[in-house]
Every structure is written in C-alpha cells, then in structure tokens.
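What the coordinates show
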Amino acid sequence: MRSIVIGTAGHIDHGKSALVRALTGTDPDRLKEEQARGITIDLGFAHWQAGDVNLAFVDVPGHERFVKNMLAGAGGVDIAMLVVAADESVMPQTREHFQICRLLEIPAGLIVLTKADLADADTMELAKLEVRELAAGSFLAEAPLVAVSSRTGEGLDELRHTLLDLAALVRERNGNGQVRLPIDRVFSVKGFGTVVTGTLVSGTIREETELVVLPRERVVKVRGLQVHGHREAEAGPGNRVAVNLGGVEVGDLARGDTLCTRGAFEPTQRLDAVIELLGEARPLRHGSRVRFHQGTTELLGRVAVAAARGEQSPLVEVAPGGSAYIRLRLEAPAILTRGDRFILRAYSPSVTIGGGVVLDPHPPRVGVRTAAGLGRFRRLDGAEGIASAEAAVLVFVEERGESGLRVASLVSRAGLDPSTADACTRRLTENGQVVRVADLLVSQAVLQSLGDRLLAALKAHHDAQPLSEGLAREEARERLFGRSSGHVFEHVLATLAANHQVVVRDRLALAAHRVSLSNEDSRIRDDIEQVMKGAGLAPPDMATLQGLVGASAAAVDRVSGLLVRQKRLVKLDALLFHVDALTRLKDDVRALKQNARVDVPAFKERYGITRKFAIPLLEYLDRERVTRRVGDARVVL
Ligand SMILES: Nc1nc2c(ncn2[C@@H]2O[C@H](COP(=O)(O)OP(=O)(O)OP(=O)(O)O)[C@@H](O)[C@H]2O)c(=O)[nH]1
Ligand SMILES: [Mg+2]
C-alpha cells in the first residue's frame, strides 16, 4: 500500500474544501464555526483510497489570518494542489501559498482551476495565463493544469487520473530512519485517551513502543495507531497517522510538539541556514525579529545575517530576491535536522518574506561574520549544494576535535537516512580523512596531532627522568586526552604501538627508550642486587643497605625504585626482597605435601627468620596462591 499526502493551497473561497469533498466524499471543514461561516479556519483531513494507493488530503485555510495554520499543514506534503477559482484568477494568498510550497520544496504539484461553471471561455483563458505566469520557472512550471467544477462534477475524473499519475512518480521514503512526527492535532477519544495526529516525516511508528515528545521530553507509549481510519500495527513515513499515546494528558501536548524516537534528536535554539528572500519582501536587516515556521511549529527568532550565499564578505541586510547565509537564534527550542526546509514570516505584519534550508541545527557558538564563520557557511553549503553530505559531515567531525562526532549524529544532526549515513562514513574513512573509533568519527588530522603530542610528552618524560620506565598510562590519558573518550586514547596507543613507535605496558615509553644509568648508579644497582640476593628472606633495612652499598639515601632510593619497577626487587609492606629469594621460597613451599599445615612458628624456624619477615612472606604466599590461610595457620595448595 502506497500512501501519498496531497496538500491544498490557494486564496480564500477559491473552492479548496469543496474540491476535497468532491474528491473524497468527506467535508474537511469539521469545526462548527467553519461550517457556520463557510470558511476554513484550521487544517482539515480527508482521504481517498484508489486501488493500492491511498491519497490523504490536507486541506488548508486560505484566509490571510490563518496562513500560520496553512504552514502547519504544508510540511510533509508530497503533492501541492494549487487551487485557483477561474472566475477570480490569481489573488494574494494564491501567491503567498504558492511561494510557501516552492520554498518548502514540495516535490510535485498541479494546478486546479475551480468554479469552471462560473467562468466563460475568455475568463478561463485569462486565469490560465495568470497562473502559468505565476508558476513560470518554478516546480509548477510544467505541472498539469485541470479545470473543474465541484458543483457540476466537470473535470473531476480527469483530476483523479492526474492525481494518480503524479502519485506514481512520488519517491518512496525510507522507513529505517528515526521517528519524527510533527504533531498537528491533539485530542482525546472517549475510552482511548490522548490521540495526536500528523504527517510522519521519517521512521516507522510501531505499537507498544516508547517514544518521546520533544521539546517537552515527555516519554510516551504508543498504545495504538491508525492510518486512514484503520488500526495498524505500524506506520511508515509519508503517512497521515493518528497515534494513541499512553502516559500523557491532552493538556500536556500541543500542535508544534514533535513525537520522536527516544534519544535521536536534541532540541536546539540556534541554527545556521541558507535563505531566499522573496522579491516582494522588504530588505531583511541584521538583527531582525522573525517568525520561524518548520514542521507544525511556529517560533520567534532573531536573524544574524552572515553573507550573501557563496560570498566571503559580511552583509548588513539581505536584499529582496537575494539569497544569504544566516544564523537564527530561536526564542524557544525546535527539533531540527540538516536539510529541513522552513518558512520565515515578518514579525509584524505577519507576511511571508522567504524561506530556507537548515545547514546545521547545532552550530558552535562562534561568530558568523568572521572569515572563519563565513568559510564554514560555504563549506556547509558545499560545492554541490545541500546534497553534499560529506563536506558537512567533515565540518562537524573536525569541529568536534578530540571528542569526535557520534555516528548517530549523522542521522539526527546531518539529516541523513541510516543507509546514506553508512555510505557517507565509508567514503570518508576510505579516503583517510576520518577514522571510525567505536561509535565515534574522529578527524585523522586530530588523531595525528594527539599521537604527536603523546610522543612529545614521552620524550620530555624520558629526558626528565632517565631512570623511569616511562609515563604512567593513566597520567598520559588524563593529561593529554582529557577531552576525548577512552576509545580514542586506546586507538592512538594501538596505532603508535603498531608503528613500533611506542611500547605500551603499565607505563608508556618510546620504543627506543632504554633506562640509562650513570656509572655510579650502575655500581649501586649491582651492589644492591648482590646484597639483597645474599640476604635472602631476611633483607637489611634501608639504613643498613645504604651502609653496605656505600651510597646516599637518595641514590639507594632512586636505584631501588628502578629495581622495583624492573621487578628485580619486590616490595612487601615496607620491606624489599630480591625476586630470586621469593621465587626460591615459592618453589620450596610448593614442594611440600599438598594440604600440609604450616604455622608461623614452624615457618620462622624452617627459614630461620623473625616474625617481622615471616608475616609479610606468608601473606605474600597467600596472595600468590601457594598457600591458603586457615585459622592461624596455612595449608599448602
Ligand atoms: N459554482 C461553484 N461554486 C463553488 C465551486 N467550488 C466551491 N464553490 C463555492 O465557493 C465557496 C467557497 O468554497 P470553499 O470550498 O469553502 O472554499 P475554500 O477555498 O475552501 O475557502 P477557505 O478554506 O476559506 O480558504 C462555497 O460557497 C462553495 O460552495 C464550484 O466549482 N462552482
Ligand atoms: Mg476551505
């Protein structure tokens, strides 16, 4: 079953609602006030099932005061049906709605001349000319044009065929993305509770799953869902859906909220965009307050004008008909992704002044009118325009630096569907600009400089402490990789180790590093070893050792510390033992019968040592799993 959403557009009283009713049998004007006044105030919905194609109609009000409601219905529309009454021809909201559809880049459309029964041949011809002139050079330039009368039924069959032909050309949407449903209605149904409706922009909604309503951060459960009045277990993108939500009251939600996959989108109040200002608009000055319409939401915001599109020098105002880079600061959060189209209206009077496309829904707080800021716009815009996802992803990855960009951001921030995101990652990693580290994308240049910094730190460490085996791993991570994830640190280490530049143990050392001892230190080392080997299980204390070796406390400390790191000496409590003495002890005890009992007095006697040595040695044997403590004694394992 294919589902296509058709949106009406056109001036007040031009017969949009009458046409929807003639096509579907449903009157889209559902409010009492609408029926009493004979005008549409808010969005209306109806559908027509033709074979395996479902045509959902979103009927919008033509009144200039309700353009805001029209905008809430225009998002997610596949086919725009521009309705012009033949007897009145093109009127102000014909133009405004047409511009909105064009700026939102609704992919397909058609022109319907209504009230054919009221127009003679000349009037009809004039209307055709005027509407063709309006559409010239736009997505509707070659669009089919059908004359109908909802009153007599003339032309309706032709219109149905035309709609089905267009529907066949609409591109199928990928249902694998993240769920994003801009909510256009919220109501309660007796016995069911809260229901929201909207046009599903991306993803698939399934029964019994948990979603979140943003920007309110309300977690909700999908209790049930309907598509065109039928209960379904799931619904994919491009459908008009009604979702019964658990865990939330009607009063908690409103038009403009978005129902989303949990964790997929982050609300934002700052975005970078490229816009087009309409020719009839007033110049758009830096700092202007505007109305921002996207999905079903309307928010106020302030425009920072950066530069004319493609240009590198700052701009004070956007000229009518011009195209420019802007940053928009919103007064409340929106749910946006790159590639989203939006409409701008003047704050007062509220007329449509232009529209645009989001280049980055989460730009960093850097100036937009600096050379760097302007360069960034141009990179995000890309030589191939908004279609060049890789250039933008590379900008995002580079800006994240050592923190890296989460792969999931390719969907939520870069606006790619999951398979395009995969292809994009593959190309960027294959050409070596980006490296994938766990769930992150990190710039190759950043990894390179992290590696260089680590090498420099190791060299400095070796120079300062020639007796040290290297820099402690944790210290290196904290000092040099504080802002990146552990995965990035491990990746850099693994790369340097694989290139034979660094030796990775508890401590990190340059591969070429050898502990270097002065002649005097080497003598002290040899003497300490000799004394300690000879002393066996009753080693001398430090003061005695200094005397035996004939060196200062500092020198003995330094060199014995090195011997501990090299595992030639082992520290048990405050005592140092030579590793050979301990190895011999372990062999000797292991050679006893299994389960043989050894108590402290017997141990002291067997090795001729005092309690001072016996206790730490027995505890050492327990740790080494040579013996096990049972009461006051040990048994041999
Ligand atoms: N003679 C004639 N009258 C029509 C035709 N279509 C609509 N009308 C009449 O025109 C008036 C306005 O029609 P609607 O369908 O409400 O117009 P609309 O475009 O939906 O108006 P808004 O929603 O308020 O913008 C109604 O009185 C209709 O009966 C038609 O084909 N022929
Ligand atoms: Mg109407």
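Described in the following lines is the structure provided in the data block. (Residues numbered from 1 in each chain as written. Chains lettered and ligands numbered in written order. Predicted model: local features only at pLDDT ≥ 70, side-chain atom pairs only at ≥ 80, totals over all residues. Heavy atoms only, no water.)

Moving on: the environment of alanine 50. Tracing the backbone through its elements, the reader meets alanine 50 in strand E2 (residues 44-50). A residue is classified by how much of its surface remains accessible, and alanine 50, at 16% relative accessible area, is buried. Between the alpha carbons of alanine 50 and arginine 160 there is a distance of 9.3 Å; along the sequence they are 110 residues apart. When neighbours within four sequence positions are excluded, alanine 50 is seen to be in contact with Leu55 and Leu164. (Helix = DSSP H or I, 4+ residues; strand = E, 2+ residues; numbered from the N terminus. Buried < 20%, exposed > 50% of the residue type's maximum accessible area, 1.4 Å probe, protein only. Contact = heavy atoms within 4.5 Å.)

A few words on the sheet that holds strand E16 (residues 268-277). Reading around the barrel, the six strands line up as E16-E21-E19-E18-E22-E23 and close back on themselves, with antiparallel pairing between neighbours. Between one strand and the next, the sheet's axes are offset by a mean angle of 45°, whatever the strand orientation. As defined by bridge partners, strand E18 (residues 289-294) adjoins strand E22 (residues 341-346) across four bridges and the pair is classed as antiparallel. Residue pairing for E22: histidine 293 is matched across the bridge by isoleucine 343. Across the sheet, helix H7 (residues 371-381) lies against E16, strand E19 (297-308), strand E21 (323-334) and strand E23 (352-360), angled at about 90° from E21, the strand it touches most. (Pairing = 2+ DSSP bridges. Axes fitted to C-alpha atoms, helices over the stretch in contact; angles between N-to-C directions.)

To continue, consider the sheet that holds strand E3 (residues 53-59). Here we have six strands laid out as an open sheet, ordered E2-E3-E1-E4-E5-E6, and mixed in their pairing. Where the open sheet ends on each side, the last strands, each with one partner, are E2 and strand E6 (145-147). With direction set aside, neighbouring strand axes in the sheet form an average angle of 25°. Across seven bridges, the pairing between E2 and E3 is antiparallel. What sits directly across from glycine 44, in E3, is aspartate 59. Relative to strand E4 (residues 79-85), helix H4 (residues 92-103) is tilted by about 170°, and along the sheet it contacts strand E1 (2-9) and E4.

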